[in-house]
Amino acid sequence: MIAAGALAVAGAISYAAVFGQSVPAGLDGVVASWSGPWHIERWLSLSLGIGANALIALLLVYLNKTFNVLRCMTMLQSTLFLCMTLATPWHLGMLTSGTVVALVAVACSFILFAEYGRAADCQQRVFLVFLLLSGGVAVDATFAALLPIFIFACAQMRVFNLRTILAILMGIATPWVILLGFGIVKPDMLAVPRFAGYAGLSAPGASEAAIAAAITGFVGITAWTQNIMKILTYKAQSRAMLSLLTLLMLVCVIGIAVDPSAAQSMSPLLACCAALQLGHAFGAIHTGRRSWIAIACLIVIYLTFFAWTEILLW
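Quick notes on the rules
Residues numbered from 1 in each chain as written. Predicted model: local features only at pLDDT ≥ 70, side-chain atom pairs only at ≥ 80, totals over all residues. Heavy atoms only, no water. Helix = DSSP H or I, 4+ residues; strand = E, 2+ residues; numbered from the N terminus. Rg over C-alpha atoms; globule rule 2.2 N^0.38 Å. Buried < 20%, exposed > 50% of the residue type's maximum accessible area, 1.4 Å probe, protein only. Contact = heavy atoms within 4.5 Å. Lys, Arg positive; Asp, Glu negative; His and termini not counted. Charge placed at Lys NZ, Arg CZ, Asp CG, Glu CD. 1 Å grid on protein atoms, 1.4 Å probe; cavity = no way out; pocket = protein on both sides within 12 Å on 5 of 7 lines; lining within 4 Å. Points joined across faces, edges and corners; volume = space filled by probe spheres on them. Nonpolar A, V, L, I, M, F, W, Y, C, P; charged D, E, K, R; others polar.

### Description of the overall build of the protein
Working step 1: A tally of helices and strands in the protein yields 12 helices and zero strands.
Working step 2: The linear arrangement of helices and strands in the protein, starting from the amino end, is α-α-α-α-α-α-α-α-α-α-α-α.
Working step 3: Radius of gyration (C-alpha) of the protein: 19 Å, near the 20 Å computed for a compact globule of 314 residues.
Working step 4: Referenced to the eigenvectors of the C-alpha coordinate spread, the extents of the protein come out at roughly 50 × 50 × 30 Å.
Working step 5: A total of 314 residues make up the protein; the buried ones form 53% of that total.
Working step 6: Contacts in the protein between residues at least 24 apart in sequence constitute 80% of all its contacts with a sequence separation of at least 6.
Working step 7: Of the charged side chains in the protein, 14 are positive and 9 negative, and the gap between their average positions amounts to 20 Å.

### Side note on empty space enclosed by the protein
Working step 1: Within this structure, the stated rule accounts for four cavities of 30 Å³ or more.
Working step 2: Put simply, the largest cavity is a space of about 80 Å³.
Working step 3: Around the largest cavity sit M84, T85, A87, T88, H91, A212, A213, T216, S267, P268, L270 and A271, which together line it.
Working step 4: Of all elements in the fold, only α3 (76-85), α9 (206-231) and α11 (263-285) reach the threshold of two or more residues within the lining of the largest cavity.
Working step 5: Considering every element that reaches the lining of the largest cavity, the biggest residue donor is α11, with four residues.
Working step 6: Within the lining of the largest cavity, the residues separate by chemical class into seven nonpolar, five polar and no charged.

Put into structure tokens, the structure is as follows:
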């Protein structure tokens, strides 16, 4: 993971030095003026981008260390996540809404996993989860797609009751009561997000982002097909946690298939989910002595794609 982190930092610095803040447009949020790309001072944005991705990588490690999601002690998921993110280097070289989506989604998953079976006293944390997701809709429409997934996750975590439903509704409403009530956002600033569809592939870097997402989606789904029979033998808590990760991955795959311009917003989260599926596949199922060859091939593919992307954008 340290080696992958060094590669990611080197890729981020090279991208920022050569291309600055050039990045494909992602999905708009409900507040269009808050949507990305955000024009922050170049080196500050670079630092925030590297820091956010490092935090995601650490959360993926502690997610498994705390809840044993992958049924083995490994850091492979973080290693692969960092390598996958190199395929879309702007997510490393600057702070993007896609990185924020991934960070919030992983953090919310961590919170819900900790509340499994605690229906009597989970409402504050459930409120926090939906507060973050609902507030995120202001900057990226991807958060809106995550809301029903996490509502379903509450049922999977066995915390779904009347008090939890009220906590969900209050969490969704609170950011907008604050933003509109205090005049931070004016009603005329709100707009339905625009979806570019396949026409958005003509934008610089958009086709590269969509291709990278297609590769990651294929790899993630392939790993999931290897995992599914093993997952069915696990106890209910493990199945619930892994099903949330699978649903997040499928939402990203479907979203990008319907609107390839969404790859900019969904690629980091898709990389997180695919990396976790691969971590489970190589950590709990394909544990042979030669498994490292397949892992190395995956890393080489993403490093090659990084070089190809840099050349095309140049």
